[in-house]
Amino acid sequence: MVYRWFMVGFGWLFLFTAYLSFFAVAPLMRLIIKDLGLTYATASFLSSTPCLVLAVFSLVGGAIIDKLGVRRGVGLAVLLVAVFGLLRGFALNFLMFLTATVGFGVGVTLTLLSVPKLIAVLNLPREKLGSAIGLSFTGITLGVAVAMSLTLGIAELSSIGWRQPLYIYGVFSLFITFLWWSLTKEKTFKPQNVDVEKVKLKTLVSEVIKLKPLWFLAVYLFLLNMAFYGVFTWFPEFLQVKGVSSQTAALMLFMANVGGTVAMLFLPLWSDRIGLRKPILAFSAMLLASGIYLLILTAEPVVWLPVLLVGAFVQTIQLALTIPIEIREIGPTLASSANGFICSIGYIGGFIAPWIVGFFRDLTGSFTLGFLVLTVTTLMMFIPIILLPETGWKKRF
């Protein structure tokens, strides 16, 4: 059992380092624009590129993880995060930064898809599966919080500016990669994937896309990512329009991440306790929609409430990626292929939502209409939730 939770800890480290590097670019954007001579449009494209890669590469990436097996798949994922995350710091122009970012996005994609599989093959009691995946996924929110809090300060203290934090985070990722290859053995994970290694990628993909529950989960994740990326991409400017000081806005963002970390851990634990998934998803969707709507209506100090609501209840991706493992036709064997299909559709929402909110901001001079659209799309999450079969241990699919 100790070894199993040791592997859960590895999963946490992989997601932490991936999202630490992922969200390091946003605080550095002003410095990168000045140094590389970019426009705000090209800089915005750079920041959203990993999300686009997630949407484009997830379907094939998930099948690759299933074919490679856990040890090699995870090892490849974290190696790509480390190498290409580090190479961004050596970029001399837009094309070099974009190329490194695409490679980095592939690594993030494989990491996101491999961690649930890593935990699934540990054969934990099924009433602890959601909690274990939820625990590992707190690495995402903490990675984001650390990146947003420390990155700019590191850059400003360094003689080489914005490149320094990217070097530090890249070297840290290389160290985690070294630990993984040094401390794990192929035979520990081999039995779960013997039958999949001989199957063609095309066959793996065709098997998972036939399952209706995965389509419902894909739509759910699409709408969830619209809420997450639509709100938080524009969050600093939205608060500035509200008259919130930059110091208070930074504190709000930090507390939203703290709330997300607590929810990332608590919601799966609650779901495991009651043995059901759908009520937790529905409860979270209701509070998330309420939070986005209240962001429009409230000002300081009341705006703290919707900030915390949105920060906490937008964090249900860990449950969405747990459910496929509990479906009989998928299980641990095809977990990454199934989640790859879900993410291939789901992250399109994360790519287009900031553009939608920005479009209505330009059109109306306000964030109100854009956030109203996100409120409606969040309420639409109830449709796939209702259609989704219950997979919790009290009512198996």
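Owing to the predicted nature of the structure, the values given are computational and were not obtained by experimental measurement.

Engineer: Lay out the overall build of the chain in plain terms, naming residues and giving numbers.
Structural biologist: Counting secondary structure elements, the chain contains 18 helices and zero strands. For the chain, whose C-alpha radius of gyration is 20 Å, the value lies close to the compact-globule estimate of 21 Å for 397 residues. For the chain, with 397 residues in total, the buried portion stands at 58%. For the chain, the proportion of contacts with a sequence separation of at least 24, taken over those separated by at least 6, is 83%. Of the roughly 16,000 Å² of accessible surface on the chain, a fraction of 72% belongs to carbon and sulfur atoms. Averaging the locations of the 28 positively and 15 negatively charged side chains of the chain gives two centres separated by 6 Å.

Engineer: Give me a nonpolar patch on the surface: which residues, what numbers.
Structural biologist: A grouping of Leu251, Phe254, Met255, Val258, Val262, Phe266, Trp270 and Leu308 is seen on the molecular surface, where their side chains present a nonpolar patch of about 660 Å² in accessible area. Broken down by element, the residue count for the nonpolar patch peaks at seven residues, all from helix H12 (residues 246–274). Here Leu251 lies in helix H12. Overall, Leu251 belongs to the partly exposed group, its relative accessible area being 44%.

Engineer: Run through the packing of helix H4 (residues 70–87) against helix H5 (residues 94–120), naming residues and quoting values.
Structural biologist: Taken N-terminus to C-terminus, the directions of H4 and H5 make an angle of 150°; their axes are 8 Å apart at the nearest point. Judged by the inter-axis angle, H4 sits roughly antiparallel to H5. For the pair H4 and H5, the crossing hand works out as left-handed. Of H5, the residues touching H4 (which contributes Val70, Val74, Leu76, Ala77, Val78, Leu80, Val81, Phe84, Gly85 and Leu87) are Ala100, Gly103, Phe104, Val106, Gly107, Val108, Leu110, Thr111, Ser114, Lys117 and Leu118.

Engineer: Residue-level account of the environment of Leu46, with values.
Structural biologist: Looking at where Leu46 falls in the secondary structure, it is placed in helix H3 (residues 40–68). The class of Leu46 is buried, set by a relative accessible area of 3%. Sequence separation between Leu46 and Phe360 is 314 residues; the distance between their C-alpha atoms is 22 Å. Excluding anything up to four places from it in sequence, Leu46 contacts Leu38, Phe94, Phe97, Leu98 and Thr101.

Engineer: Go over H12, please, and point to the residues and values.
Structural biologist: Taking 1.5 Å per residue, 29 residues should reach 42 Å; H12 reaches 41 Å between its end C-alpha atoms and fits that length. Just downstream of H12 lies Gly275, where phi reads positive at about 75°.

Engineer: Describe the pattern of salt bridges, naming the residues involved and giving the relevant values.
Structural biologist: Per the stated rule, a full pass over the model turns up five salt bridges. The shortest N-O distance in the salt bridge between Lys117 and Asp66 comes to 2.8 Å. Note that Lys117 is positioned in helix H5 and Asp66 in helix H3, a separation of 51 residues in sequence. For the pair Lys117 and Asp66, a shared accessibility class is recorded, and that class is buried. Measuring nitrogen to oxygen at the nearest pair gives 2.5 Å for the salt bridge that ties Arg277 to Glu326. With Arg277 in the loop between H12 and helix H13 (278–297) and Glu326 in the loop between helix H15 (317–320) and helix H16 (335–364), the pair connects residues that are 49 residues apart, well separated along the chain. Since its relative accessible area comes to 2%, Arg277 is described here as buried.

Engineer: Describe the packing of aromatic side chains, and please don't skip the residues or the numbers.
Structural biologist: Inspection of the entire model under this criterion finds 24 aromatic pairs. Between Phe6 and Phe10 the ring centres are 5.3 Å apart and the planes differ by 75°, which places this aromatic pair in the edge-to-face class. Here Phe10 and Phe6 lie together in helix H1 (residues 2–22), a separation of four residues that amounts to about one turn. In this structure Phe10 comes out as buried when scored by relative accessible area, which is 4%.

Engineer: Tell me about the side chain of Gln318, residues and numbers included.
Structural biologist: Secondary-structure assignment places Gln318 in helix H15. A polar contact is formed between the side chain of Gln318 and the backbone oxygen of Gln315, at a distance of 3.2 Å. Excluding its chain neighbours within four sequence positions, the residues that come into contact with Gln318 are Ile133, Gly134, Phe137, Ala263, Met264 and Pro268.

Engineer: With reference to specific residues and values, describe helix H10 (residues 212–233).
Structural biologist: When the terminal C-alpha atoms of H10 are compared, their 31 Å separation across 22 residues agrees well with the 32 Å that a helix rising 1.5 Å per residue should span. Taken across its 22 residues, H10 has 16 buried, putting it largely inside the fold.

Engineer: With reference to specific residues and values, describe the packing of H12 against helix H14 (residues 304–313).
Structural biologist: Direction vectors running N to C along H12 and H14 enclose 40°, while the axes themselves pass 7 Å from each other. As far as their axial angle goes, H14 and H12 are oblique. For the pair H12 and H14, the sense of crossing is right-handed. Contacts from Thr248, Leu251, Met252, Met255, Ala256, Gly259, Gly260, Ala263 and Leu267 of H12 reach H14 at Trp304, Val307, Leu308, Gly311, Ala312 and Phe313.

Engineer: Run through the nonpolar core, naming residues and quoting values.
Structural biologist: Among the nonpolar cores identified, the biggest contains 119 residues, and Tyr19, Leu112, Phe137 and Tyr347 are the most heavily contacted of them. Among the elements that make up this core, the one with the highest residue count is H10 (12 residues). When near neighbours in sequence (up to four residues on either side) are disregarded, Tyr19 contacts Val108, Leu112, Ile140, Gly143, Val144 and Tyr347. Grouped together as the second largest cluster of nonpolar side chains are six residues, Ile65, Ala77, Leu80 and Val106 included.

Engineer: Give a detailed account of the state of the cysteines, specifying residues and quantitative values.
Structural biologist: As enumerated under the stated definition, the model contains zero disulfides in all. The thiol of Cys51 is not disulfide-bonded; the next cysteine sulfur, from Cys343, is found 10 Å away. Overall, the relative accessible area of 0% leaves Cys343 in the buried class.

Engineer: Run through the environment of Ile32, naming residues and quoting values.
Structural biologist: In this structure, Ile32 sits in helix H2 (residues 25–36). Each residue touching Ile32, except ones within four places of it in the same chain, is listed here: Val25, Gly37, Leu38, Phe97 and Trp162.

Rules and cut-offs
- Residues numbered from 1 in each chain as written.
- Predicted model: local features only at pLDDT ≥ 70, side-chain atom pairs only at ≥ 80, totals over all residues.
- Heavy atoms only, no water.
- Helix = DSSP H or I, 4+ residues; strand = E, 2+ residues; numbered from the N terminus.
- Rg over C-alpha atoms; globule rule 2.2 N^0.38 Å.
- Buried < 20%, exposed > 50% of the residue type's maximum accessible area, 1.4 Å probe, protein only.
- Contact = heavy atoms within 4.5 Å.
- Areas by Shrake-Rupley, 256 points an atom, 1.4 Å probe, with all protein chains shown as cover.
- Lys, Arg positive; Asp, Glu negative; His and termini not counted.
- Charge placed at Lys NZ, Arg CZ, Asp CG, Glu CD.
- Patch = residues over 30% accessible without salt bridge, like charges linked within 9 Å, V, L, I, M, F, W, Y side chains within 5 Å.
- Salt bridge = Lys/Arg side-chain N within 4 Å of Asp/Glu carboxyl O.
- Axes fitted to C-alpha atoms, helices over the stretch in contact; angles between N-to-C directions.
- Parallel < 35°, antiparallel > 145°, perpendicular 65-115°, else oblique.
- Left-handed = near helix turned anticlockwise from the far one by under 90°.
- Expected span 1.5 Å × (residues − 1).
- Phe/Tyr/Trp six-rings, centres within 6.5 Å; stacked < 30°, edge-to-face > 60°.
- Polar contact = N/O pair within 3.5 Å; in protein donor to acceptor, adjacent residues only side chain to side chain.
- Core = buried A, V, L, I, M, F, W, Y, C linked by side-chain atoms within 4.5 Å.
- Disulfide = S-S within 2.5 Å.

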